[in-house]
Amino acid sequence: MIIKLERLKVRSSKSEEAIDITGRVEEVVQKSGVRNGFVNVLTAHTSSGLLVTEGIPCLEEDILTHFARVFPEDADYHHHRYLDYDGRLGFNAEAHLKSVLGGIQCIFPIENGSIVKGSRQTIYFMEYDGPLERTCFVQVLGEER
Amino acid sequence: MIDFHTHPVLIQELADKYPDYRRMAREVFQIGNNFQPLEVFLLQMDVAGIECAVLLPIDCARVRGLAVSSNEQVAELCARSPRFIGFASVDPLKEGAAQELERAAKSLGLKGLKLDPALQDFPPDHPKAFSVYEAAAALKMPLVIHTGMSWAPGTALEPGHPLKLEKAVRQFPGLNFVFAHFAWPWVWEAVAMALKYPNVYLDTSCLYYDSPREFFQFVFARQIPTTLLERSLRGKLVFGSNYPRVEIKNMVRALRSLSLTEGCLKKILLGNAKMLLGITDDH
């Protein structure tokens, strides 16, 4: 049995961005030595997310546009106040809510050393409050090759 | 566009290099956000449309144990990117403060002075502070001075009152004072000084509750009329974000949400800062 945890650094360059990390997750799986098992991908940040959808720019844009429609920046949020533990104000409630709505993790089976996923499924790191350098946890679990 | 008020306190490269830097950020500056590569600072500027940022250290080592970034660290960052404009900070109550400022200007190439009477625990009308004001005036360095409320625990409100600076403002007409944070909550006193004294400027880095947009709508549309900025203070305001206490993009957006003309915004976001920094169009 192998249990391996990798921390991927993902750097966003925009306020909001869908970043395809499928290849990087596949690389972690291939290097892990796991033949059959699971891979779990999780963002470490509550103003970002993890999504699986078809990997085409129009959908990336639709997701960001309609999340913004559901959670507009200027809505009335209780989070817009001074957070003494952070030494600053919290005014990114919409980013947190998008993270809650879209989710923060995904899981895929591994078979014969490769991720098993639909041909159109793409793993996205979702930046909702960038640009920032972020961390994704990728944990691979399964029987050894 | 120029951001006249940023603090380089969450730079990953400095955290890796200087043993006390992390403790400074957490215990002295008291910010809980993650350290980020320097490139992220530049990306934050990019998404906000900011070309250059003024980096402000605070020499509060005498009272807080550590300075909030050193002059040398600021100079180091300026050497890494031409988009940074470094200011110096000295402790007015320390022997040789004026000489230290001169060294920072001449040896490190720093362009202005930053003081925070509350965090540095000195009265802004103290005679020793006047020696520093005099040195800054002689060096033609603008002074960004904290006014208004300070969140920092253990600090008093009184040193942040803008009228505490009136004597200095009158005594050093050749020194340009930039009152940080719009001196909130003493907004009208700050406005009166900026209207009355040619050498008093105000920066927009005020945010004490609600979102940046909500706070700006309150201060710059209800607490004082927006027309006051548009008509009478357009030449006396500089944009400042106070990054990383707030992301630059949010403060730019808040400023743009006010009913200001493009001409007025251009002065606040660029022209007035260039004038204070002595930047001419051919640079």
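Here, every reference points to the structure presented above.
Residues numbered from 1 in each chain as written. Chains lettered and ligands numbered in written order. Predicted model: local features only at pLDDT ≥ 70, side-chain atom pairs only at ≥ 80, totals over all residues. Heavy atoms only, no water.

Colleague: I keep staring at the nonpolar core and nothing clicks. Help me out?
Modeller: A general feature of soluble globular proteins is that nonpolar side chains tend to end up buried together. Membership of the largest hydrophobic core comes to 97 residues, with the highest contact counts inside it found for Tyr-133, Phe-179 and Phe-182 of chain B. No other element matches helix 8 (residues 127-138) of chain B, which puts six residues into this core. If we skip the residues at most four places from it in the chain, Tyr-133 of chain B touches Leu-115, Phe-122, Pro-124, Leu-143, Ile-145, Leu-165, Ala-168, Phe-172 and Leu-175 of chain B. Grouped together as the second largest cluster of nonpolar side chains are 21 residues, Ile-21, Val-25, Cys-106 and Ile-123 of chain A included. (Core = buried A, V, L, I, M, F, W, Y, C linked by side-chain atoms within 4.5 Å. Buried < 20%, exposed > 50% of the residue type's maximum accessible area, 1.4 Å probe, protein only. Helix = DSSP H or I, 4+ residues; strand = E, 2+ residues; numbered from the N terminus. Contact = heavy atoms within 4.5 Å.)

Colleague: Just checking my understanding: could you explain the interface of chain B and chain A for this structure?
Modeller: Accessible area lost during the coming together of the parts is what is often quoted as the interface size. Between chain B and chain A, the contact holds 28 residues from the first and 21 residues from the second. Regarding the contact of chain B and chain A, the summed buried area is about 2,100 Å², with carbon and sulfur atoms giving 49% of it. Where chain B meets chain A, there are five salt bridges. In this structure, Arg-213 of chain B engages Asp-74 of chain A in a salt bridge whose closest nitrogen and oxygen atoms are separated by 3.5 Å. One can count eleven residue pairs in polar contact (both at pLDDT 80 or more) joining chain B with chain A. Among the secondary structure elements, those contributing two or more residues to the side of chain B that touches chain A are helix 3 (38-48), helix 11 (212-223) and helix 13 (248-256) of chain B. Here the side of chain B that touches chain A gets five residues from one element, more than from any other, and that element is helix 3 of chain B. Class assignment of the residues belonging to the side of chain B that touches chain A gives a composition of twelve nonpolar, eight polar and eight charged. (Buried area = accessible area lost by both parts, 1.4 Å probe. Salt bridge = Lys/Arg side-chain N within 4 Å of Asp/Glu carboxyl O. Polar contact = N/O pair within 3.5 Å; in protein donor to acceptor, adjacent residues only side chain to side chain. Nonpolar A, V, L, I, M, F, W, Y, C, P; charged D, E, K, R; others polar.)

Colleague: Mind showing me how you'd approach the layout of surface pockets here?
Modeller: Over the atoms rolls a probe the size of a water molecule, and its path tells where empty space is left. The computed volume of the largest pocket comes to approximately 630 Å³. Surrounding the largest pocket, 34 residues form its lining, Asp-86, Asn-92 and Leu-132 of chain A together with Asn-33 and Asn-34 of chain B being those nearest its centre. Only strand 6 (88-90) and strand 10 (133-144) of chain A together with helix 3 of chain B provide two or more residues apiece to the lining of the largest pocket. Broken down by class, the residue content of the lining of the largest pocket amounts to 15 nonpolar, 13 polar and six charged. (1 Å grid on protein atoms, 1.4 Å probe; cavity = no way out; pocket = protein on both sides within 12 Å on 5 of 7 lines; lining within 4 Å. Points joined across faces, edges and corners; volume = space filled by probe spheres on them.)

Colleague: Sorry, what's going on with the sheet that holds strand 1 (residues 2-11) of chain A here?
Modeller: Two strands in a sheet stick together by hydrogen bonds in their backbones, pointing the same way (parallel) or opposite ways (antiparallel). Read across the open sheet, the five strands follow the order 1-10-3-7-8 (chain A); overall the sheet is antiparallel. Of all the strands in the sheet, just strand 1 and strand 8 (114-115) of chain A have a single pairing partner and so form its edges. (Pairing = 2+ DSSP bridges.)

Colleague: How should the packing of helix 11 of chain B against helix 13 of chain B be read in this particular structure?
Modeller: Between two packed helices, what matters for the description is the angle formed by their axes and the separation of those axes. All names here are of chain B. Where helix 11 contacts helix 13, the two axes come as close as 8 Å, and the packing angle between them is 35°. Helix 13 is crossed by helix 11, and the crossing has right-handed handedness. Contacts from Pro-212, Arg-213 and Phe-216 in helix 11 reach Asn-250, Met-251, Ala-254 and Leu-255 in helix 13. (Axes fitted to C-alpha atoms, helices over the stretch in contact; angles between N-to-C directions. Left-handed = near helix turned anticlockwise from the far one by under 90°.)

Colleague: Would you explain the packing of helix 3 of chain B against helix 13 of chain B in this entry?
Modeller: All names here are of chain B. Closest axis-to-axis distance for the helix 3/helix 13 pair is 8 Å, and the angle between their directions is 20°. On the basis of their axis angle, the class for helix 3 and helix 13 is roughly parallel. Between helix 3 and helix 13 the crossing geometry is right-handed. Facing Gln-44, Met-45, Val-47 and Ala-48 of helix 3, the residues of helix 13 in contact are Ile-248, Lys-249 and Val-252. Looking at the contact of helix 3 with helix 13 residue by residue, the classes come out as five nonpolar, one polar and one charged. (Parallel < 35°, antiparallel > 145°, perpendicular 65-115°, else oblique.)

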